[in-house]
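# Coordinate inspection notes
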Amino acid sequence: MEKDCVFCKIVSGEIPSTKIYEDENTLAFLDIRPVNPGHTLVIPKEHYRNILDIPEDEWEHVAKTARIVARAVKAGAGAEGVNVSSSHEPSAGQEVFHLHLHIIPRFSSDGLKHWPQGAYKEGEAQMVAEKIKNALP
Ligand code: AMP
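It should be emphasised that the depicted structure is a prediction, and the values quoted were computed from it without experimental measurement.

### Topic: the nonpolar core
Listed in full, the 12 residues of the largest apolar core are Ala28, Val42, Tyr48, Ile54, Val62, Ala66, Val69, Ala70, Val73, Leu99, Leu101 and Ile103. Contributions of two or more residues to this core are made by helix H2 (56-76) and strand E5 (101-106). The dominant element in this core, judged by the number of residues it contributes, is H2, at 5 residues. Not counting chain neighbours up to four residues away, the residues in contact with valine 69 comprise Tyr21, Ala28, Thr40, Val42 and Ile103. In terms of nonpolar packing, the next biggest core, distinct from the first, is built from 8 residues, Cys8, Ile10, Leu27 and Ile43 among them.

### Considering the site of the ligand
As a structural note, the neighbourhood of the ligand is formed by 15 residues, with Asp31, Gly93, Glu95, His100 and His102 the closest of them. Within the contact set of the ligand, a nitrogen atom lies 3.2 Å away from a backbone nitrogen or oxygen of isoleucine 32. A distance of 2.9 Å is found between an oxygen atom of the ligand and a backbone nitrogen or oxygen belonging to valine 96. Bound to the protein, the ligand loses 86% of the 510 Å² it would expose on its own. Looking at the shell around the ligand, the elements that each hand over two or more residues are helix H1 (6-12) and strand E2 (26-30). The element contributing the most residues to the shell around the ligand is H1, with 3 residues. Of the residues belonging to the shell around the ligand, the class tally is 8 nonpolar, 4 polar and 3 charged.

### Points about the sheet that holds strand E1 (residues 19-22)
With respect to topology, 5 strands assemble into an open sheet ordered E1-E2-E3-E5-E4, the strand pairing being antiparallel. Strands with a single pairing partner mark the edges of an open sheet, and in this sheet they are E1 and strand E4 (81-85). Each adjacent strand pair in this sheet contributes to an overall mean axis angle of 20°, direction not counted. The sheet contact formed by E4 and E5 spans 5 bridges and is antiparallel. Pairing of valine 82 across the sheet is with proline 105, part of E5. Running at roughly 160° to strand E3 (residues 40-44), H2 makes contact with E1, E2, E3, E4 and E5 of the sheet.

### Details of the side chain of asparagine 50
Assignment of secondary structure puts asparagine 50 in the loop between E3 and H2. One polar contact links the side chain of asparagine 50 to the main-chain amide nitrogen of leucine 52, over a distance of 2.9 Å. For asparagine 50, the contacting residues outside a window of four places in its chain are His88, Glu89, Gln94 and Leu99.

### Here we look at H2
Taking 1.5 Å of rise per residue, the 21 residues of H2 would be expected to cover 30 Å, and the 30 Å separating its terminal C-alpha atoms lies within 8% of that figure. Residues Glu58, Val62, Thr65, Ala66, Val69, Ala70 and Val73 constitute the buried set of H2. Within H2, the buried residues cover an arc of 150° as seen down the axis, which keeps them to one side. Opposite its buried face, H2 presents the exposed residues Glu56, Lys64, Arg67, Arg71 and Ala75, each directed more than 90 degrees away. On its buried side, H2 packs onto E1, E2, E3, E4 and E5.

### Some words on the pairing of E2
Among the 5 residues that make up E2, 4 are buried, leaving the element largely enclosed by the rest of the structure. Here E1 hands over to E2 after 3 residues, the two strands then running antiparallel side by side. The pairing of E2 with E3 spans 5 bridges and is antiparallel. Counted as the bridge partner of leucine 30 is threonine 40 from E3.

What counts, and where the lines are drawn
Residues numbered from 1 in each chain as written. Predicted model: local features only at pLDDT ≥ 70, side-chain atom pairs only at ≥ 80, totals over all residues. Heavy atoms only, no water. Core = buried A, V, L, I, M, F, W, Y, C linked by side-chain atoms within 4.5 Å. Buried < 20%, exposed > 50% of the residue type's maximum accessible area, 1.4 Å probe, protein only. Helix = DSSP H or I, 4+ residues; strand = E, 2+ residues; numbered from the N terminus. Contact = heavy atoms within 4.5 Å. Near = heavy atom within 4 Å. Polar contact = N/O pair within 3.5 Å; in protein donor to acceptor, adjacent residues only side chain to side chain. Areas by Shrake-Rupley, 256 points an atom, 1.4 Å probe, with all protein chains shown as cover. Nonpolar A, V, L, I, M, F, W, Y, C, P; charged D, E, K, R; others polar. Pairing = 2+ DSSP bridges. Axes fitted to C-alpha atoms, helices over the stretch in contact; angles between N-to-C directions. Expected span 1.5 Å × (residues − 1). Arc of directions from axis to C-beta.

What follows is the structure in C-alpha cells.
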C-alpha cells in the first residue's frame with residue numbers, strides 16, 4: 001500500500017467505491033467520472049505505478065480480469081463495443097499513479113472520436129521500428 005494513493009485507499013476500503021469485481025489480486029470499480037455509464041477501472045491490488053514497473057505475473061492477473069470485466073461491461077451496459085485503454089506517465093495522460101485499465105462501454109451513437117492519426121515519411125517507419133526493436137529485452 002502506497003501512502004496518499006487514492007486507488008490503494010479504495011483497495012483498503014478507506015475510500016468508498018462502487019465495486020464490480022474482486023479476486024485475490026485485482027479489483028474493478030466504476031470510474032467516478034464516466035465517459036459513458038458503466039465505465040469501469042481494473043487495477044492490481046498491489047501498488048504499481050504503471051505498465052513500466054508492474055511484474056509480468058501481476059500484469060497477467062490484470063489482463064485476465066480486464067477481459068472478464070470487459071465482457072460484463074459490454075453485456076451489462078448494453079453496449080455495442082468497449083474501449084480498453086490505459087495511460088502510462090503524465091505525457092500520456094496518466095493522472096492517478098496506480099496502474100489501471102479503463103473499460104469504456106461504447107455506442108455508435110456516443111459521438112466520441114478516435115485519436116488523430118498521422119503518416120510516416122519515406123524511410124521513417126523502418127528507422128523507428130529499428131530503434132524499438134533494439135530496445136527489446
Ligand atoms: P487516468 O490516470 O488519467 O487514466 O485516469 C484516472 C481515472 O481515475 C479518471 O478517469 C478518474 O475519473 C478516476 N478516478 C479518480 N479518483 C477516483 C475514485 N475515487 N473513484 C473512482 N474513480 C476515480
